[in-house]
Amino acid sequence: MELINALGLNVKILLAQLVNFSVLLFVLYKFAYGPILKMLDERRDKIEEGIKNAEDAKTKLAKIEMSEKEILSDARKEAQKIIVAAEDVAKKNKEDILNEAKKQSQQILEKAEKNIEQEKNKMMEDAKKELSELVSLATEKIVGEKMDAKKDKEIIDSVIK
Amino acid sequence: MGLNISLAPEVIFHIGSFPITNAFFVSIFVTVIVLAVFLLIANRFQTVPTRFQALVEILFEEAFDFVESIIGNREKAKRIFPLVFTMFIFILFANLLTYIPGQAAVTLKTEEGVMPLFRAAMADYGVVFMMTMVSVILMQIVAIAVHGPFGYLGKFFNFKGPLDFFLGLMDIVGEIAKIVSLSFRLFGNIFAGEVLGAVMLFLAPYFIPLPFMFLGLLTAFVQAFVFSVLTLVFISMASTIEEDELVEEASI
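Below is a short write-up of the structure. Source: prediction; values computed, not measured.

Let us now look at the interface of chain B and chain A. On the chain A side, the residues contacting the 34 residues of chain B number 26 residues. Residue assignment for the side of chain B that touches chain A shows that the elements contributing at least two residues are β2 (18-21), α1 (22-43), α2 (51-71), α3 (74-97) and α4 (125-156) of chain B. Here the side of chain B that touches chain A gets 9 residues from one element, more than from any other, and that element is α1(B). Of the residues that constitute the side of chain B that touches chain A, the class distribution is 25 nonpolar, 6 polar and 3 charged.

Another point: the pairing of strand β1 (residues 11-15) of chain B. Residues and elements named next belong to chain B. Pairing analysis gives 4 bridges linking β1 to β2, with the strands arranged antiparallel. Residue V11 lies in a different strand from β2, and its bridge partner there is T21. Taking the residues between adjacent antiparallel strands as the criterion, β1 and β2 are bridged by 2 residues, where G16 takes a positive phi near 65°.

Let us look at the nonpolar core. One recurring pattern in soluble globular proteins: nonpolar side chains tend to sit buried together. B:I80, B:V84, B:F90, B:I91, B:A94 and B:M122 are the most contacted members of the largest nonpolar core, which totals 51 residues. Elements represented by at least two residues in this core include exactly α2 (11-143) of chain A together with α1, α2, α3, α4, α5 (162-203) and α6 (209-239) of chain B. A per-element tally of this core places α3(B) first, with 14 residues. Look past the residues within four positions of B:A94 in its chain and what remains in contact with it is B:V26, B:S27, B:V30, B:A120, B:A121 and B:M122.

Turning next to α5(B). Residues and elements named next belong to chain B. With 42 residues, α5 ought to run about 62 Å at 1.5 Å a step, and its terminal C-alpha atoms sit 57 Å apart, in line with that. At F184, α5 shows its largest kink, close to 25°. Among all positions of α5, only L182, S183, L186, F187, N189, I190 and G193 are buried. If you follow the buried residues of α5, they end up packed against α3, α4 and α6.

Conventions we followed
Residues numbered from 1 in each chain as written. Chains lettered and ligands numbered in written order. Predicted model: local features only at pLDDT ≥ 70, side-chain atom pairs only at ≥ 80, totals over all residues. Contact = placed C-beta atoms within 7 Å. Helix = DSSP H or I, 4+ residues; strand = E, 2+ residues; numbered from the N terminus. Nonpolar A, V, L, I, M, F, W, Y, C, P; charged D, E, K, R; others polar. Pairing = 2+ DSSP bridges. Core = buried A, V, L, I, M, F, W, Y, C linked by C-beta atoms within 7 Å. Buried ≥ 20, exposed ≤ 12 C-beta atoms within 10 Å, placed from the backbone. Expected span 1.5 Å × (residues − 1). Bend = angle between axes of the 7 residues up to and from the residue.

Here it is, written out as structure tokens:
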């Protein structure tokens with residue numbers, strides 16, 4: 001009893017202290033710890049999610065890069081193929097065209113030669129004809145006498161030949 | 001100039017028949033300050049923290065993780081954290097309040113003489129006793145909730161053998177000793193610090209008391225920490241089931 005008096009313990013004040021402390025605890029729990037802890041948890045979740053998302057994005061990016069490389073190499077191969085094929089076609093075309101041209105030029109040449117031959121023959125014939133006429137005229141003048149036309153021709157032909 | 005040291009808090013005025021002691025006044029004062037500080041901080045909280053908020057968060061998280069590391073379980077930690085942290089903050093603020101310069105000079109004139117308006121709240125055994133009782137009663141409640149009423153009583157009244165019976169009675173003594181050790185450790189440290197400070201100021205007012213004040217600051221923090229951590233440890237001990245107990249239950 002003496003100790004209690006010496007320490008100044010008083011039931012009324014003790015109860016009041018208890019109420020005071022309870023109010024402090026309750027208000028802090030309700031309006032400080034609760035919201036703060038909740039927000040810290042939320043933030044933790046958010047950060048975890050963010051890290052996960054970032055990792056996902058990273059792997060996705062790597063995948064995309066890989067597929068990009070694949071596509072690029074595929075395209076390159078395809079392009080190479082196309083170029084080779086085109087070169088082949090071009091070569092073939094070139095040969096074809098060359099052959100055609102050769103053929104045509106050959107033909108033209110042949111035609112021309114033929115023409116020339118013909119022309120030459122015709123000219124020769126014409127020349128022969130004219131010559132024979134001239135010769136017959138000259139002979140007529142020289143001989144003064146007209147020979148039988150038929151005989152004349154025979155003679156001239158034999159001379160010319 | 002006389003040295004005025006009183007073990008009991010001084011009654012500064014009455015409301016009706018209700019005596020208001022300076023320690024009670026201070027504890028209400030501290031409550032208001034703590035509430036103001038925390039509500040202000042909690043209200044300003046936002047998802048993207050400012051520097052100050054980040055600092056508060058670090059302290060808060062560290063405190064929570066510490067509680068979790070002792071009690072070993074996040075759910076349990078969430079339940080016990082508010083009480084333990086409030087005890088820590090309340091004791092810390094109450095202890096630090098006495099280091100505000102000039103507050104010791106504020107006095108009230110009453111019929112019984114001149115009384116200091118402020119007193120270290122923890123140097124009033126009433127406040128400490130109240131908090132000790134809160135923590136000790138909570139320990140018993142937790143123990144009953146975990147072990148069941150019969151398991152709880154069985155710990156104290158054990159009739160398996162004379163030695164077990166004696167040890168059970170010793171456990172009762174141990175529970176009472178917890179009240180004494182918890183409350184008088186805090187009360188004694190703070191009261192002694194106050195007395196020492198007063199004596200030092202009385203003997204040599206300049207410079208000499210400074211080291212003692214530093215020591216007092218350290219005590220202010222350490223004792224707040226010790227009180228709340230001991231509460232936490234006792235409650236965590238009450239909430240765990242020992243292995244041999246499990247074996248016992250299984251054999252029944």
